[in-house]
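Fold and geometry: a report
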Amino acid sequence: MSIIIIKTVKEMHALSDSLRMQGKTIGFVPTMGFLHEGHAALIQKAASENDIVIVSVFVNPLQFSATEDYGIYPKNFEGDCAIIEQSHGNILFYPTKDEMYPANFSTSISIGNITNTFEGFFRPGHFEGVATVVAKLLLSTKPHHAYFGQKDYQQTLVIQRLIQDLHIDCSMHIVPTVREDDGLAKSSRNVYLQKEEREQSTIIFKALLNAKNAFLQGERNRLILNTYMHETLSALPQFDIQYASCAEAETLHEPDIFEEKSKVVFLIAGYLGKTRLIDNMVS
Ligand code: PAF
């Protein structure tokens, strides 16, 4: 069975309304395309839990700053369709930029607190762009369930807030990060890595693991846990660290000492050459 491709919001509304009228459950996987095994895992999970799976492919200009890679973001339409089909997705929502942002478009959704640190600090305006497009995509596709990867950890917290605060009638599911055999988190941007950088990039996984293991062995001092990550990463001076820090997993608060039973997230972001890499691990 081949997938249905929908390019306008009007057609998407009509199709989702009709599926809902038929009593079908809709799972939704928003993406920016150039799909990989991480996206496939999201689509497969959505397919195992819903009657119909909608995948969106839209490179959202609002979430890129002027110095970021919007203009060169990798694309592979044929490959994306194949992965959606193989992963048992049914519908591709594939709007143009003008369809999503017509000339008079001027709304922006700002989530507040949780967006001030980590990614939000290093990418000002990024989460406003993410929240705005995710709200528009959810309103366009009208899913019962939406699926997001843990790889973009702070994004999952932002979207959780968005869904709760705007009373969006959709439940959110977070799917574990898919990794290469050597630990590198799958990402559409990994294609930018030169061969040597690709080999070096595994240090991020090792740094996260070292800090997480220290936590599991009883270390609760946040700065000491951060030092585990920084010390591991210092073996690769080419990695330009933006942050290598841990925080409470649900709030991203950074106490001096974590409570004994705290759930903690370890987060790393930085540049390896021209490629920005992010990753995380939860205790
Ligand atoms: O995670 C992504 O790929 C994007 O941030 C998303 C959720 C599709 C919004 O553009």
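Description of the structure in this document. (Residues numbered from 1 in each chain as written. Predicted model: local features only at pLDDT ≥ 70, side-chain atom pairs only at ≥ 80, totals over all residues. Heavy atoms only, no water.)

Overview of the site of the ligand
Inspection of the region around the ligand gives Pro30, Thr31, Met32, Asn60, Gln63, Val133, Val134, Asp152 and Gln155 as its neighbouring residues. Take glutamine 155: an N or O atom from its side chain is 2.7 Å from an oxygen atom of the ligand. About the coverage of the ligand: the protein hides 89% of its 290 Å² of free accessible area. Of all elements in the fold, only strand 2 (26–31) and helix 6 (126–141) reach the threshold of two or more residues within the shell around the ligand. Residue composition of the shell around the ligand, grouped by class: 4 nonpolar, 4 polar and 1 charged. (Near = heavy atom within 4 Å. Polar contact = N/O pair within 3.5 Å; in protein donor to acceptor, adjacent residues only side chain to side chain. Areas by Shrake-Rupley, 256 points an atom, 1.4 Å probe, with all protein chains shown as cover. Helix = DSSP H or I, 4+ residues; strand = E, 2+ residues; numbered from the N terminus. Nonpolar A, V, L, I, M, F, W, Y, C, P; charged D, E, K, R; others polar.)

Considerations on empty space enclosed by the protein
Empty space among the atoms can be located by rolling a probe the size of a water molecule over them. Per the counting criterion, the structure on display carries 1 cavity of 30 Å³ or more. If you trace the largest cavity, you find it lined by Lys151, Leu184, Ala185, Ser187, Asn190, Ile204, Leu277, Ile278 and Asp279. (1 Å grid on protein atoms, 1.4 Å probe; cavity = no way out; pocket = protein on both sides within 12 Å on 5 of 7 lines; lining within 4 Å. Points joined across faces, edges and corners; volume = space filled by probe spheres on them.)

Observations regarding the packing of helix 9 (residues 203–216) against helix 10 (residues 222–233)
When two helices pack together, their arrangement is captured by the angle between the axes and the distance separating the axes. Between helix 9 and helix 10, the shortest axis-to-axis distance is 8 Å and the interhelical angle comes to 150°. Taken together, the axes of helix 9 and helix 10 lie roughly antiparallel to each other. Note that helix 9 runs across helix 10; the crossing there is right-handed. On helix 10, the residues that touch Ile203, Ile204, Lys206, Ala207, Leu208, Asn210, Ala211, Ala214 and Phe215 of helix 9 are Leu225, Tyr228, Met229, Thr232 and Leu233. (Axes fitted to C-alpha atoms, helices over the stretch in contact; angles between N-to-C directions. Parallel < 35°, antiparallel > 145°, perpendicular 65-115°, else oblique. Left-handed = near helix turned anticlockwise from the far one by under 90°. Contact = heavy atoms within 4.5 Å.)

Thoughts on the sheet that holds strand 8 (residues 264–272)
Judged by pairing direction, the sheet is antiparallel, and its 3 strands sit side by side in the order 7-8-9 without closing on themselves. Single-partner strands in this sheet number two, and they are strand 7 (239–248) and strand 9 (275–282). Neighbour-to-neighbour, the strand axes of this sheet turn through a mean angle of 10°, independent of strand direction. In the sheet, strand 7 pairs with strand 8 via 9 bridges, with the strands oriented antiparallel. Opposite glutamate 248, over in strand 8, you have valine 264 as the bridge partner. (Pairing = 2+ DSSP bridges.)

Some words on the environment of valine 9
With respect to the secondary-structure elements, valine 9 resides in helix 1 (residues 9–21). The class of valine 9 is buried, set by a relative accessible area of 19%. Taking C-alpha positions, valine 9 is 33 Å from threonine 275, a pair spaced 266 residues apart along the chain. Setting aside residues up to four positions removed in sequence, valine 9 forms contacts with Phe93, Glu99 and Ser140. (Buried < 20%, exposed > 50% of the residue type's maximum accessible area, 1.4 Å probe, protein only.)

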